[in-house]
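# Tertiary structure, described
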Amino acid sequence: MIGMNAVLGVTVVSLGMVLTPGPNMMYLVSRSITQGRRAGAISLAGVAVGFVVYLSAANLGLSVVFLAVPQLYLAVKLAGAGYLAWLAWKALKPGGTSVFTHQEPAPDSPWRLFSMGALTNLLNPKVAIMYVSLIPQFIDPTAGHTLTQGFVLGGVQISVSLGVNLAIVMAAGTIAVFLARRPSWLRVQRYVMGTVLGALAVKLATTRAPAAAS
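Throughout what follows, the structure given in this document is the object of discussion.

Along the backbone of the protein chain there are 10 helices and 0 strands. Reading the protein chain from its N end, one meets helices and strands in the order α-α-α-α-α-α-α-α-α-α. Residues classed as buried in the protein chain amount to 40% of the 214 residues present. Intrachain contacts of the protein chain at a sequence separation of at least 6 include 83% that bridge at least 24 residues. Looking at the protein chain as shown, the accessible area adds up to about 11000 Å², and 71% of this sits on carbon and sulfur atoms.

Structural data, given as structure tokens:
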């Protein structure tokens, strides 16, 4: 039996994570604005698959690969940090645009939207670290069925993340119009987002491997 405190704890932490600007939010917002809410929803489905992959890997013990092969952890970590740095540069570079700026790029196919959503999430090792180090803290070994507890609590995290991200997808167009009528706000949003992403890239790149941090 999973206690309500565990569910609430995972919910609060999940809210904090999903509301922090990151690659998932950037990609979902950009696709929603450029191709509409349907494209954003398809991309979000890909993000959901990324969550399920990491959750399954963590609960089935495959995450120990990061401990056994630290080079693999380093490669994934640097790939994620590099992606964040690239998004930060796009926002901060001279002539850069805000994520909420309406653009007209060539539309992506549904398959590309889905696959890029999944890839964006899979390249974010903080998600893997969350499942390895966070979820276990809310599992009660004395209650038994720890594998079930892990999947249920992971399901709570995924539900919270998808719910918030879906709201962002639905509102992205409205937010874009609001900011387009206020150019100064758009510039502030771009600089704030770029700075946060840059800080996240540095933090991610300097995070020690699980074995070193334990």
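Within the secondary structure layout, Gly61 lies in the loop between helix H3 (37-59) and helix H4 (64-68). Gly61 sits in the partly exposed class, given a relative accessible area of 29%. The spatial distance from the C-alpha of Gly61 to the C-alpha of Val132 is 9.1 Å, given a sequence separation of 71 residues.

So, on to the packing of aromatic side chains. Going through the model one piece at a time under the given rule, you end up with 1 aromatic pair. The interplanar angle of 25° and the centroid separation of 6.0 Å between the aromatic rings of Trp111 and Phe114 together place this pair among those described as stacked. Taken together, the residues span about one helical turn, with Trp111 and Phe114 both in helix H6 (residues 110-122) at a distance of 3 residues.

Let us look at the environment of Ala48. As for its position among the elements, Ala48 is in helix H3. Residues Ala48 and Gly117, 69 residues apart in the sequence, show an inter-C-alpha distance of 8.3 Å.

Glancing now at the nonpolar core. In globular proteins that are soluble, nonpolar side chains generally tend to be buried together. One finds Phe51, Tyr131, Ile135 and Leu153 to be the most contacted residues of the largest nonpolar core, which totals 20 residues. Listed by contribution, the elements that provide at least two residues to this core are helix H1 (4-18), H3, helix H7 (125-134) and helix H8 (146-180). Sort the elements by how many residues they give to this core and H3 lands first, with 6 residues. The contacts of Leu153, once residues within four sequence positions are left out, are Ile2, Ala6, Val7, Val10, Ile135, Phe138 and Ile139. Val18, Val29, Ile168 and Ala172 belong to the second largest nonpolar core, which has 7 residues in total.

What follows is about helix H2 (residues 23-35). For H2, with 13 residues, the first-to-last C-alpha span of 18 Å sits near the 18 Å given by 1.5 Å per residue. The buried fraction of H2 is high, at 11 of 13 residues.

The next thing to look at is the environment of Ala205. By the secondary structure assignment, Ala205 is in helix H9 (residues 183-205). Classification of Ala205 by relative accessible area gives partly exposed; the value is 31%. For the pair Ala205 and Ala79, spaced 126 residues apart in the sequence, the C-alpha separation amounts to 9.0 Å. Beyond its immediate stretch of four places on either side in the chain, Ala205 contacts Lys77 and Ala81.

It is worth spelling out a nonpolar patch on the surface at this point. Residues Val49, Val53 and Leu122 make up a contiguous nonpolar surface patch of roughly 200 Å² in combined accessible area. In this structure, Leu122 sits in helix H6. Looking at Leu122, the relative accessible area reads 31%, which means it is partly exposed.

Bringing the side chain of Ser43 into the picture now. In this structure, Ser43 sits in helix H3. At 3.0 Å, the side chain of Ser43 and the backbone oxygen of Ala39 are in polar contact. Those residues in contact with Ser43 that sit more than four places away from it in its chain are Tyr27, Leu28, Arg31, Leu113 and Gly117.

Quick look at the packing of H2 against H6 now. Across the interface, H2 lies against H6 with an axial gap of 9 Å and an inter-helix angle of 160°. Of the possible angle classes, the one that applies to H2 and H6 is roughly antiparallel. Where H2 crosses over H6, the handedness of that crossing is right-handed. In this structure, H2 contributes Pro23, Asn24, Tyr27, Arg31 and Gln35 to the contact, and H6 contributes Arg112, Leu113, Met116, Gly117, Thr120 and Asn121. In terms of residue class, the contact of H2 with H6 is built from 4 nonpolar, 5 polar and 2 charged.

Rules used throughout
- Residues numbered from 1 in each chain as written.
- Predicted model: local features only at pLDDT ≥ 70, side-chain atom pairs only at ≥ 80, totals over all residues.
- Heavy atoms only, no water.
- Helix = DSSP H or I, 4+ residues; strand = E, 2+ residues; numbered from the N terminus.
- Buried < 20%, exposed > 50% of the residue type's maximum accessible area, 1.4 Å probe, protein only.
- Contact = heavy atoms within 4.5 Å.
- Areas by Shrake-Rupley, 256 points an atom, 1.4 Å probe, with all protein chains shown as cover.
- Phe/Tyr/Trp six-rings, centres within 6.5 Å; stacked < 30°, edge-to-face > 60°.
- Core = buried A, V, L, I, M, F, W, Y, C linked by side-chain atoms within 4.5 Å.
- Expected span 1.5 Å × (residues − 1).
- Patch = residues over 30% accessible without salt bridge, like charges linked within 9 Å, V, L, I, M, F, W, Y side chains within 5 Å.
- Salt bridge = Lys/Arg side-chain N within 4 Å of Asp/Glu carboxyl O.
- Polar contact = N/O pair within 3.5 Å; in protein donor to acceptor, adjacent residues only side chain to side chain.
- Axes fitted to C-alpha atoms, helices over the stretch in contact; angles between N-to-C directions.
- Parallel < 35°, antiparallel > 145°, perpendicular 65-115°, else oblique.
- Left-handed = near helix turned anticlockwise from the far one by under 90°.
- Nonpolar A, V, L, I, M, F, W, Y, C, P; charged D, E, K, R; others polar.

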